[in-house]
Amino acid sequence: MLSKLFKKRKLEIYAPVNGQIVPLDQVPDPVFSEKMMGEGIAIMPDNGNIHAPVEGTVVLVSDTKHAIGLRSNDGTEILIHIGLETVALKGEGFTVLVAAGDKVSVGQSLIEVDWDYIREHAKSIITPIVITNSAERNVQLEVTKEGIMGETVLMTISPK
């Protein structure tokens with residue numbers, strides 16, 4: 001019985017948006033493909049807004065609205081970076097629905113995205129999802145081709 005209490009708990013990271021799953025090393029940006037920010041995965045979005053992939057707290061919303069940082073209830077830190085070179089859009093194409101300090105639950109809408117605008121004005125709409133404190137965690141990437149927001153598990157995280 002005690003072994004069950006002390007068993008390492010696993011955190012499931014769900015798809016924050018619908019789309020095709022892409023390995024992080026195939027993201028056309030070395031900051032992500034070389035995992036400088038941490039381990040993770042990416043999605044080539046089909047449609048829809050960005051939703052919370054975990055229960056936790058919003059810790060960062062970039063001034064340019066293109067990225068959001070979350071801390072899950074177990075301390076895992078997740079960065080969702082919408083598109084590549086989207087900082088240059090200065091917030092155009094994004095409507096942020098949450099603020100730093102807000103508690104969020106899986107599937108909660110975080111950022112509305114005008115994908116057509118992003119496609120036209122940014123390098124790519126590919127959206128990396130990175131565990132920024134992955135050096136402190138075991139990150140298991142799930143093998144799947146298509147992500148469904150709030151349903152598809154992209155990664156399973158456990159303490160080291």
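Quick look at the structure, then.

So, how was this worked out
Residues numbered from 1 in each chain as written. Predicted model: local features only at pLDDT ≥ 70, side-chain atom pairs only at ≥ 80, totals over all residues. Heavy atoms only, no water. Helix = DSSP H or I, 4+ residues; strand = E, 2+ residues; numbered from the N terminus. Rg over C-alpha atoms; globule rule 2.2 N^0.38 Å. Buried < 20%, exposed > 50% of the residue type's maximum accessible area, 1.4 Å probe, protein only. Contact = heavy atoms within 4.5 Å. Pairing = 2+ DSSP bridges.

## Here's the deal with the overall build of the protein
Then, in step 1: When you go through the protein residue by residue, the secondary structure sums to 3 helices and 14 strands.
Then, in step 2: In terms of overall dimensions, the protein is globule-like: its C-alpha atoms have a radius of gyration of 15 Å, near the 15 Å expected for 160 residues.
Then, in step 3: On the principal axes, the C-alpha backbone points of the protein span a range of 55 × 30 × 25 Å.
Then, in step 4: Here the protein, with 160 residues, has 48% of them falling under the buried criterion.
Then, in step 5: Taking the intrachain contacts of the protein between residues at least 6 apart in sequence as the baseline, contacts between residues at least 24 apart amount to 71%.

## Things to note about the sheet that holds strand S4 (residues 50–51)
Then, in step 1: An order of S4-S10-S8 is seen for the 3 strands of this open sheet, with the pairing classed as antiparallel. Because the sheet does not close on itself, it has two edges, and the strands there are S4 and strand S8 (94–96).
Then, in step 2: Of the pairings in the sheet, the one linking S4 to strand S10 (residues 109–113) comprises 2 bridges and is antiparallel in character. If you follow Ile50 over to S10, its bridge partner there is Ile111.

## Details of the environment of Val113
Then, in step 1: Looking at where Val113 falls in the secondary structure, it is placed in strand S10.
Then, in step 2: In this structure Val113 comes out as buried when scored by relative accessible area, which is 12%.
Then, in step 3: Distance in space between the C-alpha atoms of Val113 and Asn47 is 8.7 Å, their sequence separation being 66 residues.
Then, in step 4: When residues no more than four places from it in sequence are discounted, the contact partners of Val113 are Asn49, Ile50, Ile82, Gly93, Phe94 and Ile118.

## So, the pairing of strand S6 (residues 67–72)
On a regular strand, one side chain projects to one face of the sheet and the next to the other, so that they alternate.
Then, in step 1: Buried residues dominate S6, accounting for 5 of its 6 residues.
Then, in step 2: Across 5 bridges, strand S5 (residues 56–61) lies against S6 in antiparallel orientation. Within the sheet, the bridge partner assigned to Thr57 lies in S6 and is Arg71.
Then, in step 3: Taking the residues that link successive antiparallel strands as the turn, the S5-S6 hairpin has 5 residues, and the phi of Lys65 there is positive, at about 65 degrees.
Then, in step 4: Note that S6 and strand S7 (residues 77–81) share 5 bridges and pair antiparallel.

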